[in-house]
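# Structure assessment
The lines below spell out each chain.
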Amino acid sequence: MVAPATLPLMPVPGCCRRPGHWNIGDSALCPFCNLICTAVIARKPDRIAEQIGKAGENEAGDEGKIVGIEEPNVMALDGVRALVFDVFGTVVDWRSGVAREAEPFLKRHGAGSAIPTAFADAWRRRYSPAMVEVRSGRRPFTRLDVLHRENLEAILPELGIDPASVPASELDELNLAWHRLEPWPDVVAGLARLKARYIIAPLSNGNIVLMLNMAKRSRIPWDAILGAEVVQAYKPAPEAYLRTADVLSMKPDEICLVAAHNGDLAAARACGLRTAFVPRPTEHGVAQTTDLHPDQAWDLVASDFIDLAERLQL
């Protein structure tokens, strides 16, 4: 082992260079970029040697990554008290759920040749534009159930269905498909483990009763229901994140957003929240091309909620 005094206090190539990299206690690996820096080696030579020995004397890769060392990432969320979750796409599979309920509706109304998943995609495409009207101030805050219902009526003519010919009760029932979405297979078990240490809650654009119905149906174990209707602001407006911190009486960096969308995480990070990326590579179907990989060095990256719990030693 090289004497610590001879090692420069410099990060290796590829280091995230975050301030937290230099305050990682006894951990050999940076919790942010998973690299062993020479500055850390200088501080903890015995600990590093012990871990490298246990890993079978693996050599560092070109970017300083140590092959074969699997370190817990609990330090990455040091000081975090609450995990808040994006829901549509991250917690639940909205596309399959909406398509499943839309299929019999489309057949009943003469649009049986329409592809149910394409119908779900068309409905979802109007999601963000509808919220822009609210975020811009051109429209008062309006809960998502109302926006979904308006968007449903707007897309039906594209399929040759006159919304005026469909009983309002039937449209209302189809609109509730968003309340009955199924969670991804890892979600309930993963959240139960995460709940042991953290306050867990949705930070969704979905309204309160939508989140409640979804949770009751699938036994999603939230500690609270938070999100757009609570704070009267839609993501990614800064108010959606900052008012959530205020509701929890926490500083923004005491909260971590868990999401499958890089854009959501970027907006949360800009407000001071911590971030965890969990990809959902089939959210938009098997041909999905977006959000397959982290775009930034988020505080944590996990393959699913169970993996996230394991990385946090839960």
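Please refer to the structure placed before this passage.
What you see is a predicted model; the values in this text were computed from it and never measured.

## Some words on the overall build of the protein
Helices and strands together make up the secondary structure of the protein, namely 13 helices and six strands. The buried share of the protein, taken over its 314 residues, is 51%. Pairs at least 24 apart in sequence give 64% of the contacts found in the protein among residues at least 6 apart. Approximately 14,400 Å² of the protein is accessible, and the part contributed by carbon and sulfur atoms is 53%.

## A few points about the nonpolar core
Counting residues in hydrophobic clusters, the biggest one holds 60 residues, and the most contacted among them are Phe85, Phe88 and Trp222. Considering each element in turn, this core owes the most residues, six residues, to helix H3 (residues 94-108). Core analysis: the next-biggest nonpolar cluster, separate from the first, contains 22 residues, Ala240, Met250, Leu257 and Cys271 among them.

## Observations regarding the pairing of strand S2 (residues 199-204)
A large share of S2 lies buried, amounting to five of its six residues. Here four bridges tie strand S1 (residues 82-85) to S2, and the two strands are oriented parallel to one another. Paired with leucine 83 across the strands is isoleucine 200, a residue of S2. Relative to strand S3 (residues 226-227), S2 runs parallel, the two being bridged by two bridges. If you follow serine 204 over to S3, its bridge partner there is glycine 227. A crossover connection joins S2 to the parallel S3 through helix H9 (residues 208-218); in handedness this β-α-β unit is right-handed.

## Some details on the packing of aromatic side chains
Under the criterion given, the structure shown has eight aromatic pairs. In this structure an aromatic cluster arises from ring pairing among Phe88, Trp94, Phe119, Trp123, Tyr127 and Trp178. For arginine 124, the ring lying beneath its charged end belongs to tryptophan 94, and the centroid distance is 5.1 Å. Taking the ring centre of tyrosine 127 as reference, the NZ or CZ of arginine 124 above it sits at 3.9 Å.

Thresholds applied
- Residues take numbers from 1 onward in each chain, read along the sequence in its written order.
- For this predicted model, a pLDDT threshold of at least 70 governs which residues receive local features, and a threshold of 80 or more governs which side-chain atom pairs are given and counted, while totals over whole chains, interfaces and linings are taken from all residues.
- Hydrogens and water molecules were not included; the side-chain quantities draw on all heavy atoms of the structure.
- Secondary structure elements follow DSSP: runs of H or I of four or more residues count as helices, runs of E of two or more count as strands, with numbering from the N terminus.
- Here the term buried applies to any residue with accessible area under 20% of the maximum for its type, exposed to any over 50%, and partly exposed to those in between, with areas from a 1.4 Å probe on protein chains only.
- We call two residues in contact whenever any of their non-hydrogen atoms come within 4.5 Å of each other.
- All accessible areas in this document rest on Shrake-Rupley with a 1.4 Å probe, and a residue is counted as covered only by the protein chains that are shown.
- Joining through side-chain atoms within 4.5 Å is the link that ties buried Ala, Val, Leu, Ile, Met, Phe, Trp, Tyr and Cys residues into a set, and such a set is a nonpolar core.
- By the convention used here, strands pair only if DSSP detects at least 2 bridges between them.
- Here the term right-handed applies to a crossover when the path leading from its first strand over the helix to its second strand runs clockwise, the strands being oriented away from the viewer.
- Here the aromatic set is Phe, Tyr and Trp, taking the six-membered ring for Trp, and pairing holds for ring centres within 6.5 Å; pairs whose planes are under 30 degrees apart are stacked, those over 60 apart are edge-to-face, and all others are tilted.
- Think of it as a cone above the ring: NZ of Lys or CZ of Arg counts as a charge over the ring if it is within 6 Å of the ring centre and within 35 degrees of the ring normal.

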